[in-house]
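# Structure at a glance
Listed below, chain by chain, are the residues.
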Amino acid sequence: AVLNKENQIVKLKLEFSSAVKYDKYRTVVRTVEGRELFIVDNLKSEPGADVVVLRILSEFLSTGDYQIGLQGISTDGAAANFPPYDFRVIKSTEIN
């Protein structure tokens, strides 16, 4: 994602494949070194699609590489992990 002054919110669509539909989803945003930055709970999948939309305020992301862990949370609270998503942030002021 390339961020500039107009980008206040980064919107990431996390696509997944699952035969099981979960009540809610959790994301964990980490640096690629594994440092946990924040968790977003109680996300819902898009109606009729295997997609969770994650919105992050751009002020929480600096230039660098990140990884998002996605978990499906069942009604009993058990978590199922999906493969992680990698993404890179570049601030437009740092592009020559």
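Structure report, in brief. Worth saying up front: this structure is predicted, and the values here are computed from it rather than measured.

Cut-offs and rules
Along each chain, residue indices are assigned from 1 in the same order as the chain's sequence is written. For this predicted model, a pLDDT threshold of at least 70 governs which residues receive local features, and a threshold of 80 or more governs which side-chain atom pairs are given and counted, while totals over whole chains, interfaces and linings are taken from all residues. Note that water and hydrogens are dropped before the side-chain values are worked out from all heavy atoms of the structure. Under the scheme used here, helices are H or I runs from DSSP no shorter than 4 residues and strands are E runs no shorter than 2 residues, and both carry numbers assigned from the N terminus. Contacts are assigned to residue pairs with any non-hydrogen atoms lying within 4.5 Å of each other. Categorising residues by exposure relies on relative accessible area from a 1.4 Å probe, with only protein chains included: less than 20% of the type maximum marks a residue as buried, more than 50% marks it as exposed, and the intermediate range marks it as partly exposed. One requirement defines pairing of two strands: DSSP has to find at least two bridges between them. For Phe, Tyr and Trp, where Trp contributes only its six-membered ring, two rings pair if their centres lie within 6.5 Å, and the inter-plane angle classes them as stacked under 30 degrees, edge-to-face over 60, or tilted in between. Any carboxyl oxygen of Asp or Glu within 4 Å of a side-chain nitrogen of Lys or Arg constitutes a salt bridge here.

### So, the environment of Lys13
- Mapped onto the secondary structure, Lys13 falls in strand E2 (residues 9–15).
- Those residues within four positions of Lys13 in sequence are excluded, and the remaining contacts are Val51, Val52 and Val53.

### Considerations on unusual backbone geometry
- Phi is positive for Asn42, which is not a glycine, with a value near 60°.
- Note on placement: Asn42 falls in strand E4 (residues 36–43).

### Section: the pairing of strand E6 (residues 64–73)
- For E6, the buried fraction is high: seven of the 10 residues fall into the buried class.
- For strand E3 (residues 24–31) and E6, the ladder comprises eight bridges, and the chain directions are antiparallel. What sits directly across from Tyr25, in E6, is Gly72.
- For E6 and strand E8 (residues 85–91), the ladder comprises five bridges, and the chain directions are antiparallel. Note that in E8 the partner of Ile68 across the bridge is Tyr85.
- As judged from the three bridges shared by E6 and strand E7 (residues 79–81), these two strands associate in the antiparallel manner.

### With respect to the packing of aromatic side chains
- Applying the stated criterion to the full structure yields seven aromatic pairs.
- Note on Tyr22 and Phe82: the rings are 6.2 Å apart at their centroids and 90° apart in plane angle, and the pair reads as edge-to-face. Of this pair, Tyr22 sits in the loop between E2 and E3 while Phe82 sits in the loop between E7 and E8, and the two are 60 residues apart along the sequence. For the pair Tyr22 and Phe82, one class covers both residues: buried.
- Among the aromatic side chains, those forming a connected cluster through ring pairs are Phe16, Tyr22, Tyr25 and Phe82.

### Overview of the pattern of salt bridges
- By the definition in use, this model includes three salt bridges.
- Here Lys21 ties to Asp50 by a salt bridge, and the two come within 2.4 Å at their closest N and O atoms. Of the two residues, Lys21 sits in the loop between E2 and E3 while Asp50 sits in the loop between E4 and strand E5 (51–57), which places them 29 residues apart along the sequence.
- With a relative accessible area of 56%, Lys21 lands in the exposed category.
- A salt bridge links Arg26 to Asp41; the shortest N-O distance between them is 2.7 Å. Placement of Arg26 in strand E3 and of Asp41 in strand E4 is noted, with a sequence separation of 15 residues between them.
- Given the relative accessible area of 41%, Asp41 is considered partly exposed.

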